[in-house]
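# Inside the fold
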Amino acid sequence: MPENPIAPAALEEEEKESYMDYNWDQPGSPPGTLRIDEDAQPTTLYLIDYSEHEIMETDLATPEDCIPYLDKVSVSWVDVRGLGSEKVLHSLGKVFTLHPLVLEDVVNVPQRPKIEPYIDQLVLITRMILPDKEGFRTEQVSFILGQYYLLTVQEDIGDCFDVVRRRLQANVGVIRRQQADYLAYVLLDALIDGFFPVLEQYGEQIQQLEDEVLQNPSREIVQQVYQLKRNLLTLRRAIWPLRDAINTLIRDEHPLISAEVRVYLRDCYDHTIQVLDMVETYRELAASLMDVYLSAVSNRMNEVMKTLTIISTIFIPLTFVVGVYGMNFDNSPLNMPELHWYWGYPTVWGFMIILAVGLVYYFWKRGWFENWAQPPKDE
Amino acid sequence: MPENPIAPAALEEEEKESYMDYNWDQPGSPPGTLRIDEDAQPTTLYLIDYSEHEIMETDLATPEDCIPYLDKVSVSWVDVRGLGSEKVLHSLGKVFTLHPLVLEDVVNVPQRPKIEPYIDQLVLITRMILPDKEGFRTEQVSFILGQYYLLTVQEDIGDCFDVVRRRLQANVGVIRRQQADYLAYVLLDALIDGFFPVLEQYGEQIQQLEDEVLQNPSREIVQQVYQLKRNLLTLRRAIWPLRDAINTLIRDEHPLISAEVRVYLRDCYDHTIQVLDMVETYRELAASLMDVYLSAVSNRMNEVMKTLTIISTIFIPLTFVVGVYGMNFDNSPLNMPELHWYWGYPTVWGFMIILAVGLVYYFWKRGWFENWAQPPKDE
Amino acid sequence: MPENPIAPAALEEEEKESYMDYNWDQPGSPPGTLRIDEDAQPTTLYLIDYSEHEIMETDLATPEDCIPYLDKVSVSWVDVRGLGSEKVLHSLGKVFTLHPLVLEDVVNVPQRPKIEPYIDQLVLITRMILPDKEGFRTEQVSFILGQYYLLTVQEDIGDCFDVVRRRLQANVGVIRRQQADYLAYVLLDALIDGFFPVLEQYGEQIQQLEDEVLQNPSREIVQQVYQLKRNLLTLRRAIWPLRDAINTLIRDEHPLISAEVRVYLRDCYDHTIQVLDMVETYRELAASLMDVYLSAVSNRMNEVMKTLTIISTIFIPLTFVVGVYGMNFDNSPLNMPELHWYWGYPTVWGFMIILAVGLVYYFWKRGWFENWAQPPKDE
Amino acid sequence: MPENPIAPAALEEEEKESYMDYNWDQPGSPPGTLRIDEDAQPTTLYLIDYSEHEIMETDLATPEDCIPYLDKVSVSWVDVRGLGSEKVLHSLGKVFTLHPLVLEDVVNVPQRPKIEPYIDQLVLITRMILPDKEGFRTEQVSFILGQYYLLTVQEDIGDCFDVVRRRLQANVGVIRRQQADYLAYVLLDALIDGFFPVLEQYGEQIQQLEDEVLQNPSREIVQQVYQLKRNLLTLRRAIWPLRDAINTLIRDEHPLISAEVRVYLRDCYDHTIQVLDMVETYRELAASLMDVYLSAVSNRMNEVMKTLTIISTIFIPLTFVVGVYGMNFDNSPLNMPELHWYWGYPTVWGFMIILAVGLVYYFWKRGWFENWAQPPKDE
Amino acid sequence: MPENPIAPAALEEEEKESYMDYNWDQPGSPPGTLRIDEDAQPTTLYLIDYSEHEIMETDLATPEDCIPYLDKVSVSWVDVRGLGSEKVLHSLGKVFTLHPLVLEDVVNVPQRPKIEPYIDQLVLITRMILPDKEGFRTEQVSFILGQYYLLTVQEDIGDCFDVVRRRLQANVGVIRRQQADYLAYVLLDALIDGFFPVLEQYGEQIQQLEDEVLQNPSREIVQQVYQLKRNLLTLRRAIWPLRDAINTLIRDEHPLISAEVRVYLRDCYDHTIQVLDMVETYRELAASLMDVYLSAVSNRMNEVMKTLTIISTIFIPLTFVVGVYGMNFDNSPLNMPELHWYWGYPTVWGFMIILAVGLVYYFWKRGWFENWAQPPKDE
């Protein structure tokens, strides 16, 4: 199935992830304890500082390097990638005066998507969906929005924000004239739009499964429907709390979000609802597919049983008949005189043919040949 | 099935649409980017300008042509059809001072139905259902209501508003004495009423499926029930958010909607609830039909198995009996002396007939012949 | 089944109705357009005008005839039956100054039950359930409550209000001392009480289906459970919005409803909840019955299969054995010497009996005879 | 099953009750009409009048006899049992100035549990669960709480309040120092606690059904699970509205309930939630049990089919082989020369044994003997 | 299955507990009656009294011994373990001035998790999950938070608080500088974190069941899925009310909880939601697993039936053919002349081989060999 990159390897990949999404702290560890995964990539920082007329991009060696930019009226987007360097992350917390719990949520991935308003910061935890060579993977992106800066922390290298970076560089649209809250909106919008290609592929997968289940129901379909259901559960778990978070953002006015950006966020909100809508629709379709599959299996069993019954019902009585004439009774005149008739043998055959034709007619009358005549594969 | 225009071709058509209703923006594209489909029809504009005593209808070449009419006290209904001309749509946005996101929602179809209040405009996105040669199709209609004008933007040529146009021309009822909000109500009402014929056809299809499933359950029923479920999901997705939108319109007083029209909107609201009511009822009936089908398949299997069992159970022991007398034992006096009796052969037949009758009687006592005697087709 | 008047013919009747409950207006028709059904009965009017000490009943030729009574302090109950006379209905609208939409809702049956408060009128649309010769039918009753009058509009001749009329005539209880709102309550109460006999019959039907499904599951049960489910859906659609309407009536104080009558309406509200309670309970029982039926079908299949398997498994090996001795091998000393033994034949029989008894014992040990010994009918 | 007093007779008993819980008034009967059941027990009255230092108990001949006690500062508990004496009940209504609808609700059992606040009275309708010789039965208990009195009306003789009476007599705890509202709480608490033993028995029944369904699934289990579901529905219908009623009592402060007693009522509320929690859990377990049962039936069918298939697949080809050698072909040299070989017969046997062993090996490889070797009963 | 410590013994253990979680009071017993279980461990008390610079730990003989510490500004954590000593518990109630109902809830385990605010105390009832030698067990922990003290009452010896005690002793983090409310948060956090390891093991169990059900569906899977569902129900019952309790704690400001700690409690709240999220996801997966299992059973049955049908359908007609040539007809020229042909016997074999190959080809065309060729075990 090379035309559907979600299936099999991708599923295999996501399988590993979907079971225990949430890593837990060692019970009893103090709040703010960072849990650094050994496989995590080293932390790097990238700064884009822009105003309407200027833009500057640079790698940062340490979080402290961005301090000079934060106070400037220009918008500073500090993009942190990789959660492998505990020291860097701690000093990041200090530079941006993050609450210990916020730092913990940002670093100890995965967390449930949520919004947390602080007095001079707005923290939004989300999940980003990304294509990779085996299909798709998700990673956590945290947004920390301040007055003049936006700090984004990504679990891994690689994101769906390149288009935004190009718009910043090329000064496309109004983005360079807007504040940090608009930048946050644009990134969030790009992140949510990233769910749609995945959904489209699931839609295609469902369509393909439908064709298969109606024409040639094989055992693999059950497995694929099951994995589809599980992946949809994972998607729903990612997007449902995000919807709530954005709704909270729109409803509860926060000084860091301007009225204008709030209008744009309504658009984001609509998109999350669209994603949820489709996830729910796909879940209902997947459940229905299972029903269709089971009915196809039943039908197939029915067809098998009918074949057996027709053959057995025709030949078992005939075998009895020929068995009768195989009995070794003496030549008493009462014993099967037809054995000695001239037309005896053809008469028996005639009788047997009438019996067989009668049974076939009976089955035909009861409609047993109806759905059974054409092989199910070419339907 | 020529009497049911929804089935097969129509389903085929809707199938294509129902999987990925929502087209998505290229992730990261700036808000307000218009996505023009290559197959979209060129945009045309049609103006109806009316007051109680006058009415004027004209095609417009460009959106700018309608500017003189917008300020007049008369009601101007600007009807835009087709989303293929990007330039026209952009200038439309300028003439009506549409928010970039509104223009995006109007053009980048399909969107989820919704209401968006702006200070001097009210934007309502809906889906219209339309009969076509293969059954039905849906398209997006956007209403932008201003003080003295109503702008409607349709995805395609062809709508269900002709009756309203005729009422305007013929000055039937109060429509010409009312403002633009009343016109919006009348169009919305016509749009919602358009769902009922589709529902009626689904109702007839369910009735037909019921008859089939109870009398002659064939394999195609599963497919039809599945497609019915999917179509009902699509309908529900169209009408559910519309209900919420209209409810918001009634509850949150907006200066552009007069108290009188709000009373009429309650009627629209009732109709959307009726549509939803029926969609839900049909969904429950479709789910029940699936159960009935599965039980019919089980019953049919039961019938097949009974046939096999009755025939086998009667003839297998008899075949054993005749096999016994086919054995080539010597003429030892202990070896089947009945082979040499005068009445031996009839005795064996007598024994076999008693055995067969006994088994038939046993099956009859257990009620195996009950539901099985009459063929299921003529039930 | 003469003891259950709901079943078959009644279901047949309701079947026709339940699919497309809602008639729809021709899309685009102006609000207030009356849709007169050709089969509708001609409209007749009947007036009961009463105060504590006087009562007067009369047929009215035209709606205008009741004008003199409406202003009097006595309570006037104008009962309109049949929706066939468009002119009479229009003049009814004028006499009672009905809003065009109200008149439309009253005439264009069926509507969803609802309450609509107007300044000097309270409009309540309900469905009444009525026994008829084939079981039950429902019709729409609209209540329009004014200060001194109650207008009721019934879809058809025949209602459940005779007991109320008799109470009015006989001056039983407090009814003649009360205002029009109390009359409306009394009629509504009678209408809701009319649901209980239907529910009781459904309860009896469920009980009967339970007995059948546990003792003798036949194919008709599926059909009956399906129709039961559909009828319960219809009932729920009639009573659910009525519950909401009455709740609104109790919660939102309206000047036309006195505090005293509001206490009585709480009683009506309780009754609608009881009806809903039972409808939901019956729906869950019906769903469970379907499960029980399916398990009964499975059990029956199991029983059939066991019969087949026991007979086949015993006789097929035996048939093989006798087949062995039917082979025509030469008299080589290695070829079946037992054919020539004196005790050969009895030995073979002994061997076959031991084989058969062993298999029966084996099946008995595995418990195959347990649920199978007694015929299911006499359980 | 003597260790489970709920099953069978008890179920039989409850069966009668659970279908049509609600008796309905003759449609159209005036509010306040009492419906006296012919089988109802004659009404008796019992008074307990107590203060901290005194207690007096007496039977009352008529309701009027309790008037002297009602005004006293001491708490008067008037306990009415049996709903068979219409006259007594009417005079009870007069003595306690009950609203006609209250008297109707109290007498026309069963009603939905509810709370109704009146200015100087608080009416609470509940259902009490009582062990009886066949398991359990429910009856209605109504509480009418006044300033200095508590009137309880029980449908039948026999209640779960004896412990409370003993606490009153023995002056245990604070009960004699408290007002009537505390007495109402104590009785309500005793009534709710009465649900737990029933739940425990259902819990034991589920445990027993689990064991049976996993080890020896018999046909009776379906019936038992079905009846369990029905009984749980009945319980839920009794306790769900009671929960709402108590919640209303806690939330809406009523002058007759002191703040202290309100704290105690929170405890009652917790208990009703616990009962509901368990009812819901049991319902989910019952639904799962049904699934487990169906899978057990399928497995059993599988086992039966495997037995049949293994035996048939081994012996049918062998029977064919021996049939071949039973054919009466002439002694042409091409015709079965093995019939005349010295080792012909053993060779054929060798071939058949190899065939049979090969098939057994094939089935063993495919795992058909796995779950099938041990009989399911001893699992 | 030594790698999965939940299964089987653990399930066995929890089984006993999950049926009747709630012990009930003897109906009618006065509020505040303590129910001492005979098997309960004797009550012991342990005090940790700390401030930023000092810490003191000691066993207490009687509750009265802690009185001197309660008034001090230092934080006193009184940890009570075991509910076996009625006298100690009563005097505990007196020392901490517990409301009789609070003492009852604390002692009469298990209770539903809940929060109860009192004026100078905050009572929180929770369930703690603990690993034990057979898997996991749950016990009740009650928190009573005062101004300067925290009283915790545990059902049993053994808890998950050792890490907190070590942090207190080692003065790790800010815990020693904080008040009693922070201590309560830290303990609650440790308790909630204790759910995650259990969930992870269920996740692993689901993964293992998935592999089994797709590759080698055995009968034990049903039992394991059923027990998994039941355990998840138990977990949900423990965590769902806890979520509500914590939410209440955050929303309703209580003077004993500082604003700072309220921020930390939001983190606890997030964790309970994560636990619930996973429980719900696992429940849906378990339900899907059941479906997959049932389809696997059906497929297996199909495979069995196909084997039977293919073998029977090939050999039954062949057996008939050889039976024909075993008939003892006279040598009339019409009677099976092929018996006397030179090539007769090979001709018959040729015919039979063509018949068999034809049938096999027919089955192959219909796709019967597709999913059936490879044994399901090695899939």
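What you see is a predicted model, and the numbers here were worked out from it, not measured in a lab. Each chain carries its own residue numbering, running from 1 in the written order of its sequence. To read the labels, note that chains go from A and ligands from 1, taken in the order they are written. Only residues with pLDDT of 70 or above have their local features reported here, since the model is predicted, and side-chain atom pairs are shown and tallied only from 80 upward, although totals for entire chains, interfaces and linings are computed over all residues. The basis for every side-chain value is the complete set of non-hydrogen atoms in the structure, without hydrogens or water.

### Section: the overall build of chain A
A count of helices and strands for chain A gives 10 helices and seven strands. By residue count, 63% of the 379 residues in chain A fall in the buried class. In this analysis, two residues are considered to be in contact whenever any of their non-hydrogen atoms come within 4.5 Å of each other. Within chain A, contacts between residues at least 6 apart in sequence are counted, and of these 70% link residues at least 24 apart. Summed over all atoms, the accessible surface of chain A reaches about 14,300 Å², with 57% contributed by carbon and sulfur. We count a stretch as a helix when DSSP gives it H or I for four or more residues in a row; a strand needs E for two or more, and each element gets its number in order from the N terminus. Three labels apply to residues, based on accessible area from a 1.4 Å probe with only protein chains included: buried if under 20% of the type maximum, exposed if over 50%, partly exposed otherwise in between. The Shrake-Rupley method, run with a 1.4 Å probe sphere, supplies the accessible areas, and residue values consider only the shown protein chains as cover.

### A closer look at a negative patch on the surface
Negative charge collects at one region of the surface, where Asp 291 of chain A, Asp 291 of chain B, Asp 291 of chain C together with Asp 291 of chain D lie side by side. Note on placement: Asp 291 of chain B falls in helix H9 (residues 259-324). Patches draw on residues past 30% relative accessible area with no salt bridge. Two like charges within 9 Å are joined, as are two nonpolar side chains (Val, Leu, Ile, Met, Phe, Trp, Tyr) within 5 Å. In what follows, salt bridge is the name for a side-chain nitrogen of Lys or Arg lying within 4 Å of a carboxyl oxygen of Asp or Glu. Positive charge is attributed to Lys and Arg, negative charge to Asp and Glu, and no charge count is given to His or to the chain ends. Charged groups are reduced to one reference atom each: NZ for lysine, CZ for arginine, CG for aspartic acid, CD for glutamic acid.

### Digging into helix H9 (residues 259-324) of chain A
The terminal C-alpha atoms of H9 of chain A, which comprises 66 residues, lie 97 Å apart, in line with the 98 Å expected from a rise of 1.5 Å per residue. Within H9 of chain A, 56 of the 66 residues are buried, leaving the element largely enclosed by the surrounding structure. Given a helix with a known number of residues, its expected span is that number minus one, times 1.5 Å.

### A few points about the state of the cysteines
Residues and elements named next belong to chain C. Whenever a pair of cysteine sulfur atoms sits within 2.5 Å, that pair is classed as a disulfide. Tallied over the full model, the rule gives zero disulfides over all chains. Cys 268 forms no disulfide, and the closest cysteine sulfur to it belongs to Cys 160, at a distance of 12 Å. On the basis of relative accessibility, which here comes to 0%, the residue Cys 268 falls in the buried class.

### Some details on the interface of chain C and chain B
It is common to give the size of an interface as the accessible area lost on bringing the parts into contact. Each side of the interface is counted separately: chain C has 79 residues, and chain B has 74 residues. Around 6,700 Å² of area is buried between chain C and chain B when both sides are counted, 61% of it from carbon and sulfur atoms. Joining chain C to chain B, the criterion identifies seven salt bridges. Of all the secondary-structure elements, those providing two or more residues to the side of chain C that touches chain B are helix H1 (9-18), helix H4 (100-107), strand S4 (114-117), helix H8 (220-251), helix H9 (259-324) and helix H10 (344-365) of chain C. The element contributing the most residues to the side of chain C that touches chain B is H9 of chain C, with 19 residues. Throughout this entry, Asp, Glu, Lys and Arg are counted as charged residues, while Ala, Val, Leu, Ile, Met, Phe, Trp, Tyr, Cys and Pro are counted as nonpolar. The remaining residues, Gly among them, count as polar. Class assignment of the residues belonging to the side of chain C that touches chain B gives a composition of 43 nonpolar, 16 polar and 20 charged. The term buried area denotes the loss of accessible surface (1.4 Å probe radius) that occurs when two parts are joined, taken as the sum for both partners.

### What to know about the relation of the copies chain B and chain A
Between the two copies, chain B and chain A, the superposition gives an RMSD of 0.1 Å; the rotation angle is 72 degrees and the shift along the axis is 0.1 Å. Taken together, the rotation angle and the small translation identify this as a five-fold axis. In terms of proximity to the rotation axis, the leading residue of chain B is Gly 326 of chain B, whose C-alpha is 4.8 Å off the axis. Mapped onto chain A, only 13% of the interface residues of chain B again fall at the interface, so the copies present different surfaces. C-alpha atoms of residues with pLDDT of at least 70 in both copies form the basis for the least-squares superposition of the copies.

### Examining the relation of the copies chain C and chain B
Structural alignment of chain C on chain B gives an RMSD of 0.1 Å, achieved by rotating through 72 degrees and translating 0.1 Å along the axis. Different-surface contact between copies: only 13% of interface residues of chain C are shared with the interface of chain B.

### A closer look at the side chain of Ser 91 of chain E
Residue and element names in this part refer to chain E. Within the secondary structure layout, Ser 91 lies in helix H3 (residues 86-95). Under the rule applied, a polar contact is a pair of N or O atoms within 3.5 Å (in protein, one hydrogen donor and one hydrogen acceptor; residues adjacent in sequence only if both atoms are side-chain atoms). Of note is the side chain of Ser 91, whose polar atom sits 3.1 Å from the backbone oxygen of Val 88. Once residues within four sequence positions are removed from consideration, Ser 91 is found in contact with Pro 63 and Glu 64.

### Notes on the environment of Tyr 185 of chain A
For Tyr 185 of chain A, the position within the fold is in helix H6 (residues 180-193). Residues Tyr 185 of chain A and Val 321 of chain A, 136 residues apart in the sequence, show an inter-C-alpha distance of 85 Å. Those residues in contact with Tyr 185 of chain A, other than ones at most four positions away along the chain, are Val 261, Tyr 264, Leu 265, Asp 267 and Cys 268 of chain A together with Pro 31 and Leu 101 of chain B.

### Overview of the pairing of strand S5 (residues 122-132) of chain A
Residues and elements named next belong to chain A. Taking burial as the measure, the 11 residues of S5 include nine buried ones, the bulk of the element. When strand S4 (residues 114-117) meets S5, the two strands line up antiparallel, connected through four bridges. Looking at S5, one finds that Pro 117 is bridged to Leu 122. Any two strands between which DSSP finds at least two bridges are classified as paired. Between S4 and S5, which pair antiparallel and follow one another directly, the connecting turn spans four residues.

### So, the interface of chain B and chain A
Across the boundary between the two partners, chain B contributes 79 residues, which contact 74 residues of chain A. Summed over both partners, the interface of chain B with chain A buries about 6,700 Å², with 61% contributed by carbon and sulfur atoms. Run the count over chain B and chain A and you get seven salt bridges. The closest approach of N and O atoms between Glu 210 of chain A and Arg 230 of chain B, which form a salt bridge, is 2.7 Å. Our count for the chain B to chain A interface comes out at 13 residue pairs in polar contact (both at pLDDT 80 or more).

### Some thoughts on the packing of aromatic side chains
Residue and element names in this part refer to chain C. Pairing of aromatic rings covers Phe, Tyr and Trp, the last through its six-membered ring, and needs centres within 6.5 Å; plane angles under 30 degrees mean stacked, over 60 mean edge-to-face, and all others mean tilted. Counting across every chain of the model gives 52 aromatic pairs over all chains. Considering the side-chain rings of Tyr 182 and Tyr 264, the 5.4 Å spacing of their centres and the 85 degrees angle between planes classify their relative orientation as edge-to-face. Linking Tyr 182 in helix H6 (residues 180-193) with Tyr 264 in helix H9, this pair joins segments that are 82 residues apart in sequence. Residue Tyr 264 is classed as buried on the basis of its relative accessible area, which comes to 6%.

### Considering the pattern of salt bridges
Going through the model one piece at a time under the given rule, you end up with 103 salt bridges over all chains. Residues Glu 116 of chain B and Lys 114 of chain B are paired through a salt bridge, measuring 3.9 Å at the closest nitrogen-oxygen approach. With a relative accessible area of 9%, Lys 114 of chain B lands in the buried category. For the salt bridge of Glu 280 of chain D with Arg 283 of chain D, the shortest nitrogen-to-oxygen distance reads 3.6 Å. Of this pair, Glu 280 of chain D and Arg 283 of chain D both sit in helix H9 (residues 259-324), three residues apart, which is roughly one turn of the helix. On the accessibility criterion, Arg 283 of chain D (18% relative accessible area) is buried. Each of Asp 79, Arg 81, Asp 159, Asp 162 and Arg 165 of chain A takes part in a single network of salt bridges with overlapping partners.

### Some remarks on the confidence of the model for chain A
All names here are of chain A. Of all residues in chain A, 89% have pLDDT values of 70 or greater, and the mean over the chain is 84. Residue-level confidence of the predictor is what pLDDT reports, using numbers from 0 through 100. At the low end of the mean pLDDT range in chain A sits helix H1 (residues 9-18), at 40; at the high end sits strand S7 (residues 149-154), at 94. The low-confidence segment residues 1-20 (pLDDT under 50) makes 48 contacts with residues lying over four places distant or belonging to another chain. Every residue in residues 373-379 scores below 50 in pLDDT, and together they form 15 contacts with partners more than four places removed in sequence or on other chains.

### Concerning the packing of helix H6 (residues 180-193) of chain B against helix H7 (residues 195-215) of chain B
Geometry of a packed helix pair, given as the angle between the helix axes and the separation of the axes. All names here are of chain B. Think of each axis as a best-fit line through the C-alpha atoms, taken over the contacting stretch in the case of a helix, with angles from 0 to 180 degrees between the N-to-C directions. At their nearest, the axes of H6 and H7 sit 4 Å apart, and the two run at 10 degrees to each other. Comparing their axes, H7 and H6 come out roughly parallel. The residues of H7 that touch H6, namely those facing Leu 191, Ile 192 and Asp 193, are Phe 195, Phe 196 and Pro 197. Roughly parallel refers to an angle under 35 degrees, roughly antiparallel to one over 145, roughly perpendicular to one between 65 and 115, and oblique to any angle outside these ranges.

### Quick word on the environment of Arg 266 of chain E
All names here are of chain E. Within the element layout of this structure, Arg 266 appears in helix H9 (residues 259-324). Arg 266 sits in the partly exposed class, given a relative accessible area of 25%. A C-alpha to C-alpha distance of 7.0 Å links Arg 266 and Ile 250, two positions 16 residues apart in sequence.

### A few points about the pairing of strand S3 (residues 75-81) of chain E
Residues and elements named next belong to chain E. With seven of seven residues buried, S3 is to be regarded as a mostly interior element. Where strand S1 (residues 44-50) meets S3, seven bridges bridge the pair, whose relative direction is antiparallel. Looking at the pairing, Ile 48 lines up with Trp 77 of S3.

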